[in-house]
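# Remarks on the overall topology
The lines below spell out each chain.
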Amino acid sequence: MRPRLHSLDSDHVRDQLAQRTVVANGVRTQPEGEYVLYWMQSTHRFEENWALRQAVLHADRLGKPLLVHQGLDPTYAHASDRIHTVILENARALQRRAESLGFRYQFVLRRRRDDDRRVVDRLAARAAIVVTDRFPTAGIAERTGRFAGRAPCRVDAVESHGIIASGHFVKEEYAARTIRPKIAKVLDLALEPVEDRPAKRALPDRIWDSLEVERLDLDRADLAAEIAACEIDHAVPPVAFASGLAGAHARLDRFCAHTLPDYAARRNEPSDSDGSSRLSPYLHFGQISAAEVLRTVRAAGHEESARKFEDELVTWRELALNFCLMNPDHGKLKGLPDWVHRTMDAHKDDEREAIYTREVLEGARTHDELWNAAQRELVRTGFMHNVTRMLWGKSVLLWTRRYKHALEHLIHFNNKYALDGRDPSSYGGIQWCFGKFDRPWFDKPVWGVIRPMSLARAREKFDAEAYMSMFPA
Ligand SMILES: Cc1cc2nc3c(=O)[nH]c(=O)nc-3n(C[C@H](O)[C@H](O)[C@H](O)COP(=O)(O)OP(=O)(O)OC[C@H]3O[C@@H](n4cnc5c(N)ncnc54)[C@H](O)[C@@H]3O)c2cc1C
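Rules behind the numbers
- Residues numbered from 1 in each chain as written.
- Predicted model: local features only at pLDDT ≥ 70, side-chain atom pairs only at ≥ 80, totals over all residues.
- Helix = DSSP H or I, 4+ residues; strand = E, 2+ residues; numbered from the N terminus.
- Rg over C-alpha atoms; globule rule 2.2 N^0.38 Å.
- Buried ≥ 20, exposed ≤ 12 C-beta atoms within 10 Å, placed from the backbone.
- Contact = placed C-beta atoms within 7 Å.
- Pairing = 2+ DSSP bridges.
- Axes fitted to C-alpha atoms, helices over the stretch in contact; angles between N-to-C directions.
- Parallel < 35°, antiparallel > 145°, perpendicular 65-115°, else oblique.
- Left-handed = near helix turned anticlockwise from the far one by under 90°.
- Nonpolar A, V, L, I, M, F, W, Y, C, P; charged D, E, K, R; others polar.
- Near = placed C-beta within 6 Å.
- Domains from an automatic or database assignment.
- Right-handed = clockwise from strand over helix to strand, strands pointing away.
- Expected span 1.5 Å × (residues − 1).
- Core = buried A, V, L, I, M, F, W, Y, C linked by C-beta atoms within 7 Å.

The secondary structure content of the chain amounts to 21 helices and 6 strands. On C-alpha atoms alone, the chain measures out to a radius of gyration of 23 Å, which is about the 23 Å that the 2.2 N^0.38 rule sets for 473 residues. Expressed along its principal axes, the backbone C-alpha trace of the chain runs to roughly 70 × 55 × 40 Å. Buried positions account for 45% of the 473 residues belonging to the chain. Nonlocal contacts in the chain, meaning residues at least 24 apart in sequence, comprise 81% of its contacts between residues at least 6 apart.

This is the structure in structure tokens:
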């Protein structure tokens with residue numbers, strides 16, 4: 001049976017929004033405001049974007065037009081040519097589609113770190129309400145908090161990352177086994193599609209022309225030249241990636257047609273570069289919604305593999321999102337359970353096979369060629385396979401004097417190089433290597449009771465030679 005299509009004004013949408021929205025300040029709506037402002041920060045799409053839906057509904061309720069604003073600063077952590085390119089290429093696609101979808105969308109590029117024009121503040125000064133994305137990582141929650149404290153009107157932060165509305169979970173979940181049954185109760189409902197539409201009143205040219213912002217005309221701009229002019233890390237170059245919804249759809253279609261039938265088995269082979277969906281960067285930047293991905297995969301059949309995929313895309317991804325939303329220490333040792341600290345303390349003086357500095361690790365110059373190949377995959381391609389990612393993370397625990405250093409190195413490398421880095425799943429995945437969401441295992445030197453994973457044994461489980469040959473020194 002086809003699921004019903006909910007209108008934007010339906011009770012279903014209202015209930016979803018109530019569970020996804022946090023009012024970020026105590027300031028009232030400004031009735032004399034000229035428009036509702038949607039400040040696009042982490043959900044870089046027009047479809048299935050709950051913050052945009054909230055902004056459209058506010059605009060209609062107040063009888064105001066809607067302005068969609070996206071900006072890009074050089075000041076976010078790990079700002080680089082690689083990340084800027086993905087964002088700008090997608091923004092170009094958004095700009096090209098905005099008008100036909102009925103949205104007034106603008107993009108402003110801040111090139112210099114000392115540029116203090118504060119575009120969003122100036123736009124907010126004329127707004128009735130600002131709606132933005134609620135996203136716990138990539139510095140967005142902090143930026144939203146600072147902005148909301150200054151804003152002259154109400155600011156709503158709306159989460160669109162998860163399939164399940166984040167408010168459905170009332171506390172930090174312990175593990176996949178605790179979140180799974182809670183997800184199962186509401187997943188089908190959460191997947192029911194909604195009919196997106198623009199606000200009823202269009203933003204008049206009079207307002208658009210008077211906004212006094214330096215919009216980047218993405219259609220005409222030379223993106224490489226624009227990026228070269230930004231004060232960001234030019235040593236992390238762009239990688240091959242078809243940024244945007246069209247690229248995400250192409251990946252998803254190819255995955256469903258060629259990989260899904262054998263996904264449950266193929267996802268364990270790192271040398272098989274088509275063995276998983278490789279959708280994580282699209283999901284991270286919010287270029288496609290996870291709900292759309294899951295609906296498409298379910299419709300493609302292949303029950304066993306689809307179930308496995310669903311467990312990754314929903315259980316593990318929502319668990320990581322819940323962790324980051326609920327636990328402000330998700331990037332620190334404090335985010336780990338107590339048993340981890342006890343066991344790390346008990347084993348802090350155990351003899352290590354090697355100790356490596358951040359520079360040696362970053363340069364892929366350890367004694368283990370499989371680990372080095374994984375690091376090179378990350379640095380060169382902006383991606384790392386899930387299997388090698390687990391081994392990569394666990395191994396650094398063995399090669400640093402303190403687990404604090406291991407955690408800091410991994411977060412740094414992952415967020416600096418991975419296209420899907422700076423995501424809730426980055427922190428969920430890395431902290432999992434240190435025992436998060438897991439239970440104590442048997443006591444071993446250096447590992448303590450953290451679940452061990454051995455690079456040597458991994459070589460027997462997949463084609464390590466083929467993988468290493470893909471990323472030579
Ligand atoms: C040390 C370490 C670091 C990681 N860092 C990141 C990261 O920065 N960004 C990131 O998105 N994922 C991260 N993961 C999780 C996982 O490795 C990637 O999501 C997955 O490899 C992405 O490839 P894919 O899109 O082909 O996955 P598929 O197998 O096709 O899975 C589909 C989607 O499910 C989600 N997913 C899959 N596995 C996980 C998982 N274990 N946890 C949470 N979500 C998952 C992703 O959104 C993924 O795109 C990390 C895991 C580890 C162990």
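Past the structure itself, the notes keep going.
Moving on, we come to the sheet that holds strand E6 (residues 154–158). Reading across from one edge, E1-E6-E5-E2-E3-E4 is the order of the 6 strands in this open sheet, with mixed pairing throughout. Among the strands making up the open sheet, the edge pair consists of strand E1 (21–23) and strand E4 (105–109). Across the sheet, the mean angle separating the axes of adjacent strands is 25° when strand polarity is ignored. Examined bridge by bridge, strand E2 (residues 35–40) and strand E5 (residues 127–133) share 5 bridges and lie parallel to one another. Directly across from Leu37, in E5, lies its bridge partner Val130. Sheet contacts for helix H2 (residues 50–62): E1, E2, strand E3 (66–72), E5 and E6; angle to E5, the most-contacted strand, approximately 165°.

Turning next to the packing of helix H12 (residues 290–299) against helix H13 (residues 303–326). Following both chains from N to C, one finds H12 and H13 inclined at 165°, their axes separated by 10 Å at the closest point. In terms of orientation, H12 and H13 fall into the roughly antiparallel class. Considering only the axes of H12 and H13, their crossing is left-handed. The residues of H13 that touch H12, namely those facing Ala290, Val293, Leu294, Val297 and Arg298, are Ala306, Phe309, Glu310, Leu313, Val314 and Arg317. Across the contact of H12 with H13, the residue classes break down as 8 nonpolar, no polar and 3 charged.

Neighbouring residues of the ligand: 29 residues in total, closest Ser276, Ser277, Asn386, Ser426 and Gly429. Broken down by secondary-structure element, the contributors of at least two residues to the shell around the ligand are helix H11 (280–284), H13, helix H17 (386–398) and helix H19 (424–433). Of the residues forming the shell around the ligand, the biggest block, 7 residues, is contributed by H19. Both domains that furnish three or more residues to the shell around the ligand are identified here as domain 2 (245–326) and domain 3 (333–470).

Where burial is concerned, most of E4 is hidden: 4 out of the 5 residues are buried. Relative to E4, E3 is paired through 5 bridges, and the arrangement is parallel. Bridged to Leu72 within E4 is Leu109. In this fold, the crossover linking E3 to E4 by way of helix H3 (residues 81–101) has right-handed handedness.

Where H17 meets helix H18 (residues 403–417), the closest approach of the two axes is 8 Å, and the angle between their N-to-C directions is 145°. Pair H17 / H18 crosses with right-handed handedness. Counted together, Gly393, Val396 and Leu397 of H17 and Tyr403, Ala406, His409 and Leu410 of H18 form the full contact between these two elements. Counted by class, the contact of H17 with H18 contains 5 nonpolar, 2 polar and no charged residues.

We now examine the domain arrangement of the chain. Frequently, the measure chosen for interface size is the accessible area removed from exposure when the parts meet. For the chain, the assigned domains are domain 1 (1–160), domain 2 (245–326) and domain 3 (333–470). Centre-to-centre separation of domain 2 and domain 3, based on C-alpha positions: 23 Å. In this assembly, 17 residues from domain 2 lie in contact with 18 residues from domain 3. Broken down by secondary-structure element, the contributors of at least two residues to the side of domain 2 that touches domain 3 are H11 and H13. For the side of domain 2 that touches domain 3, the leading source of residues is H13, giving 7 residues. Here the residues of the side of domain 2 that touches domain 3 sort into 8 nonpolar, 5 polar and 4 charged.

Burial analysis of H19 places 10 of its 10 residues in the buried class, which makes it a mostly covered element. Residues of H19 that are buried: Pro424, Ser425, Ser426, Tyr427, Gly428, Gly429, Ile430, Gln431, Trp432 and Cys433. Each element contacted by the buried residues of H19 is listed here: H13, H17 and H18.

Attention now goes to unusual backbone geometry. We note that Arg278 has phi near 55°; this positive angle belongs to a residue other than glycine. For Arg278, a count of 19 C-beta atoms within 10 Å corresponds to the partly exposed category.

Let us look at H3. Look at H3: 29 Å from first C-alpha to last across 21 residues, which is about the 30 Å you get at 1.5 Å a residue. All of the buried residues along H3 are Arg82, Ile83, His84, Val86, Leu88, Asn90, Ala91, Arg92, Leu94 and Gln95. Just downstream of H3 lies Gly102, where phi reads positive at about 90°.

Burial analysis of E3 places 6 of its 7 residues in the buried class, the great majority of the element. Bridge analysis of E2 against E3 gives 5 bridges, and the strand direction is parallel. In the sheet register, Met40 faces E3, and the bridge partner there is Gln70.

Ranked by internal contacts, the top residues of the largest apolar core, which has 72 residues, are Val293, Leu370, Ala374, Leu397 and Phe434. In this structure, this core is formed jointly by two domains, domain 2 (245–326) and domain 3 (333–470), each of which donates at least three residues. For Val293, the contacting residues outside a window of four places in its chain are Leu252, Leu279, Ile288 and Leu313.

Now for the environment of Glu377. Mapped onto the elements, Glu377 comes out in helix H16 (residues 369–381). In contact with Glu377, not counting residues within four places along its chain, are Phe383, Met384 and Phe471.

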